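# Tertiary structure, described
Here are the chains, one letter per residue:
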Amino acid sequence: MASIYNEKNASQTNEKREYQTSENSSNSEIEYEHPHDGIMDINRDNAGSSKMAYFNIVCVVAGTGALGLPAALKQGGWIGLFILFLSWIMSTYTGIILIRCLYANGRVRLSTYKEIATSAFGQVGGWVTFVFNVFILLGAPILYMVLAGTNLNHLCKGTVAEIGHVPWTIIICAAVAIPFVLVKTMKEVAWMSAFGALATVVVIIVVVIMAGIDRPNQVNINHEPVIWNMFPIALSTISFSFGGNIIYSHVEASMKQPKDWPKVLAAGLSTCAAMYLVVAVAGYLVYGDTVLNPIYDSIPEGAAQIVCIVVITLHVVMAAPILMTSLSLDIEEMCNVTVERFGKVKEFLIRSVIRIAIVVVVAVISCVVPHFGELMSLLGAFANCTLIFIFPVALYLKLTGVRNKSYFELAWCFLVVLMGIVGLIFGTIQAIKDLIAAYE
């Protein structure tokens with residue numbers, strides 16, 4: 001695993017550079033049923049199990065996304081369940097083809113989302129993709145820190161520890177910085193994802209039970225089959241719930257058996273979709289147009305709500321380093337920060353400076369923009385719709401060809417891209433309006 005970031009040999013690096021500066025048209029129409037055969041792969045001697053990769057996926061994809069789904073149904077109506085189903089199928093498909101793109105040149109495995117885009121559309125494509133990557137890899141931890149800071153301040157309400165969400169956000173960021181700086185690869189943060197997956201399940205169970213208990217108290221609750229003018233923003237919130245493409249290349253790199261990736265991804269996203277369905281239906285059915293984001297703010301105050309707040313806070317605190325580690329690994333890859341180049345001590349110092357800078361950026365923005373729901377919608381619309389639905393399809397067709405695809409697959413690709421464009425344009429516009437309104 002470490003070789004992907006710190007121990008790349010010269011021949012592999014040279015092959016990547018040669019490929020990225022060539023058209024490689026001879027391979028553009030080739031499909032790889034077993035993409036790892038005959039390709040110069042990374043060193044997987046110290047890689048982890050498929051089970052831990054599954055936990056990584058569930059932890060990063062689930063969590064805060066599940067908290068906003070009842071509110072997404074409030075925004076778009078019951079049709080949001082159909083969008084949830086489409087998003088699950090589409091995100092599974094794009095996650096599989098994105099990893100296939102890592103091996104599309106037939107010679108050497110690429111490392112990052114940016115390298116895939118560079119090989120497909122040159123330097124401009126690579127940098128455009130990297131900007132969107134940075135937006136979500138910074139945006140999601142910012143969202144997590146906003147939620148964690150708000151939660152801790154709420155828990156301390158009425159005590160001397162009620163110091164405001166901003167000080168608590170800074171404290172949480174400082175705590176997150178410790179494992180983020182010390183761990184080096186995705187494999188080393190896998191234990192955090194295992195807890196995060198369990199935390200998400202616990203919160204959903206508590207919310208569903210409490211919503212059922214609270215249902216007799218909810219009167220004059222309205223439900224809508226579809227709300228067309230809010231449909232794009234609902235799509236954005238749901239899209240945020242399936243945001244994981246940004247770290248898939250690193251998760252796959254941490255697997256001992258990379259050929260298990262389609263099964264691992266399908267299992268992980270199916271688990272998330274099942275949890276989403278339960279909490280979305282329960283939350284919207286009981287609270288209707290009064291449901292809040294996050295959903296646990298709607299359940300009665302008391303021990304159950306406190307449990308949800310504590311557990312989800314621990315979850316986001318542990319999930320944030322996973323996303324920030326992915327961003328840091330991309331930056332370190334671009335800057336060629338390796339032990340071979342700088343030595344162990346200097347490499348650690350440089351890596352620490354990069355990661356501390358990332359934490360500082362996250363902390364500053366978290367304190368300045370403390371609006372959870374609006375941030376979730378904006379991230380889902382602008383970044384996730386692009387990185388989940390649009391870019392993977394474009395990269396896949398560019399690198400593997402169009403003529404070798406069936407009409408059914410091409411029509412499916414068109415539908416995936418169309419869904420992404422609708423969420424990107426109209427969802428972003430509405431999310432910005434909502435964020436402005438939150439400040440006013």
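Everything numeric in this text was worked out from a predicted model, so none of it was measured.

### Examining the side chain of Thr338
Tracing the backbone shows Thr338 in the loop between α11 (303-334) and α12 (339-342). A polar contact of 3.1 Å, which involves the side chain of Thr338, links it to the backbone nitrogen of Arg341.

### Quick look at the packing of helix α9 (residues 245-253) against α11
α11 packs onto α9 with a crossing angle of 75° between their chain directions and a minimal axis gap of 10 Å. Compared by their axis directions, α9 and α11 come out roughly perpendicular. On the side of α9, the interface is formed by Ile246, Ile247 and His250, while α11 contributes Ile322, Leu323, Ser326, Leu329 and Asp330.

### Here's the deal with the packing of aromatic side chains
Inspection of the entire model under this criterion finds 10 aromatic pairs. Ring centres of Phe135 and Phe382 lie 4.9 Å apart, and the angle between their planes is 65°; this geometry places the pair in the edge-to-face category. Taken together, the positions of Phe135 in helix α5 (residues 113-155) and Phe382 in helix α14 (residues 372-400) put the pair 247 residues apart, joining distant regions of the chain. Put simply, the rings of Phe132, Phe135, Phe382 and Phe391 touch in pairs and so form one group of aromatic residues. Lys405 extends its terminal NZ or CZ atom over the ring of Tyr396, reaching a point 4.7 Å from the ring centre.

### A short note on the nonpolar core
Counting residues in hydrophobic clusters, the biggest one holds 124 residues, and the most contacted among them are Ile57, Ile247, Tyr248, Tyr276 and Tyr296. If one sorts the elements of this core by residue count, α5 sits on top with 17 residues.

### Focus on the side chain of Thr400
Here Thr400 lies in helix α14. Using a relative accessible area of 1% as the deciding quantity, one classes Thr400 as buried. In terms of polar contacts, Thr400 uses its side chain to reach the side chain of Lys405, at 2.8 Å.

### Regarding the confidence of the model for the chain
Summary statistics for the chain give a mean pLDDT of 82 and a share of 86% for residues scoring 70 or more. Within the chain, the element-level pLDDT minimum falls on helix α1 (residues 10-20), averaging 45, and the maximum on helix α4 (residues 80-101), averaging 93. Segment residues 1-35: pLDDT under 50, and 88 contacts once partners within four positions in sequence are set aside and those in other chains are kept.

### Details of the packing of helix α6 (residues 165-182) against helix α13 (residues 344-368)
Running from amino to carboxyl end, α6 crosses α13 at an angle of 160°, the nearest separation of the two axes being 9 Å. As the angle between them shows, α6 and α13 are arranged roughly antiparallel. Judged by the sense of rotation from one axis to the other, the crossing of α6 with α13 is right-handed. Only Phe348, Arg351, Ser352, Arg355, Ile356, Ile358, Val359, Val362, Ala363, Ser366 and Cys367 of α13 make contact with α6, whose side of the interface consists of His165, Val166, Thr169, Ile170, Cys173, Ala177, Phe180, Val181 and Leu182. Here the residues of the contact of α6 with α13 sort into 14 nonpolar, 4 polar and 2 charged.

### Description of the pattern of salt bridges
Summed over the entire model, instances satisfying the criterion amount to 4 salt bridges. In this structure, Glu252 engages Arg109 in a salt bridge whose closest nitrogen and oxygen atoms are separated by 2.6 Å. Taken as a pair, Glu252 in helix α9 and Arg109 in the loop between α4 and α5 lie far apart in primary sequence, 143 residues in all. Assessed through its relative accessible area of 0%, Arg109 is described here as buried. In this structure, Glu332 engages Arg355 in a salt bridge whose closest nitrogen and oxygen atoms are separated by 3.0 Å.

### Focus: empty space enclosed by the protein
On inspection of all chains with the given rule, the structure shows 2 cavities of 30 Å³ or more. Taken as a whole, the largest cavity encloses approximately 130 Å³ of empty space. Along its surface, the largest cavity is lined by 17 residues, and Ile136, Phe240, Gly243, Gly244 and Asn384 are the ones closest to its centre. Elements supplying a minimum of two residues to the lining of the largest cavity: α2 (50-61), α3 (64-76), α5, α9 and α14. Counted as a void, the second largest cavity has a volume near 30 Å³. Considering the residues around the second largest cavity, the lining is formed by Pro141, Met145, Cys173, Val176, Ala320, Met324, Val359 and Val362. Classifying every residue of the lining of the second largest cavity gives 8 nonpolar, no polar and no charged.

### Remarks on unusual backbone geometry
At the junction of Asn293 and Pro294, the peptide bond is cis and its omega measures out at 5° in the coordinates. For Asn220, which is not glycine, the phi dihedral falls at a positive 55°. You can see Asn220 is positioned in the loop between α7 (190-214) and α8 (231-240). Look at Asn336: it is not a glycine, yet its phi comes out positive at around 55°. The class for Asn336 is partly exposed, based on a relative accessible area of 39%.

### A word on α13
The end-to-end C-alpha separation of α13 is 36 Å, in line with the 36 Å expected for 25 residues at 1.5 Å each. Listed as buried for α13 are Glu347, Arg351, Ser352, Ile354, Arg355, Ile358, Val359, Val362, Ala363, Ser366 and Cys367. Of the surrounding secondary structure, the elements contacted by the buried residues of α13 are α5, α6, α11 and α12.

### Focus on α2
One full turn of an α-helix is made of 3.6 residues, so residues set three or four places apart face in the same direction. In this model, α2 (12 residues) spans 16 Å end to end at C-alpha, consistent with the 16 Å of a helix rising 1.5 Å per residue. Among the residues making up α2, those that are buried are Ser50, Ala53, Asn56, Ile57, Val58, Cys59, Val60 and Val61.

### Some details on the environment of Gly268
Relative to the elements of secondary structure, Gly268 occurs in helix α10 (residues 261-287). Assessed through its relative accessible area of 0%, Gly268 is described here as buried. With 214 residues separating them in the primary sequence, Gly268 and Tyr54 have C-alpha atoms 5.5 Å apart. Excluding anything up to four places from it in sequence, Gly268 contacts Tyr54, Ile57 and Val58.

Criteria and thresholds
Residues numbered from 1 in each chain as written. Predicted model: local features only at pLDDT ≥ 70, side-chain atom pairs only at ≥ 80, totals over all residues. Heavy atoms only, no water. Helix = DSSP H or I, 4+ residues; strand = E, 2+ residues; numbered from the N terminus. Polar contact = N/O pair within 3.5 Å; in protein donor to acceptor, adjacent residues only side chain to side chain. Axes fitted to C-alpha atoms, helices over the stretch in contact; angles between N-to-C directions. Parallel < 35°, antiparallel > 145°, perpendicular 65-115°, else oblique. Contact = heavy atoms within 4.5 Å. Phe/Tyr/Trp six-rings, centres within 6.5 Å; stacked < 30°, edge-to-face > 60°. Lys NZ or Arg CZ within 6 Å of the ring centre and 35° of its normal. Core = buried A, V, L, I, M, F, W, Y, C linked by side-chain atoms within 4.5 Å. Buried < 20%, exposed > 50% of the residue type's maximum accessible area, 1.4 Å probe, protein only. pLDDT = per-residue confidence, 0-100. Left-handed = near helix turned anticlockwise from the far one by under 90°. Nonpolar A, V, L, I, M, F, W, Y, C, P; charged D, E, K, R; others polar. Salt bridge = Lys/Arg side-chain N within 4 Å of Asp/Glu carboxyl O. 1 Å grid on protein atoms, 1.4 Å probe; cavity = no way out; pocket = protein on both sides within 12 Å on 5 of 7 lines; lining within 4 Å. Points joined across faces, edges and corners; volume = space filled by probe spheres on them. Expected span 1.5 Å × (residues − 1).

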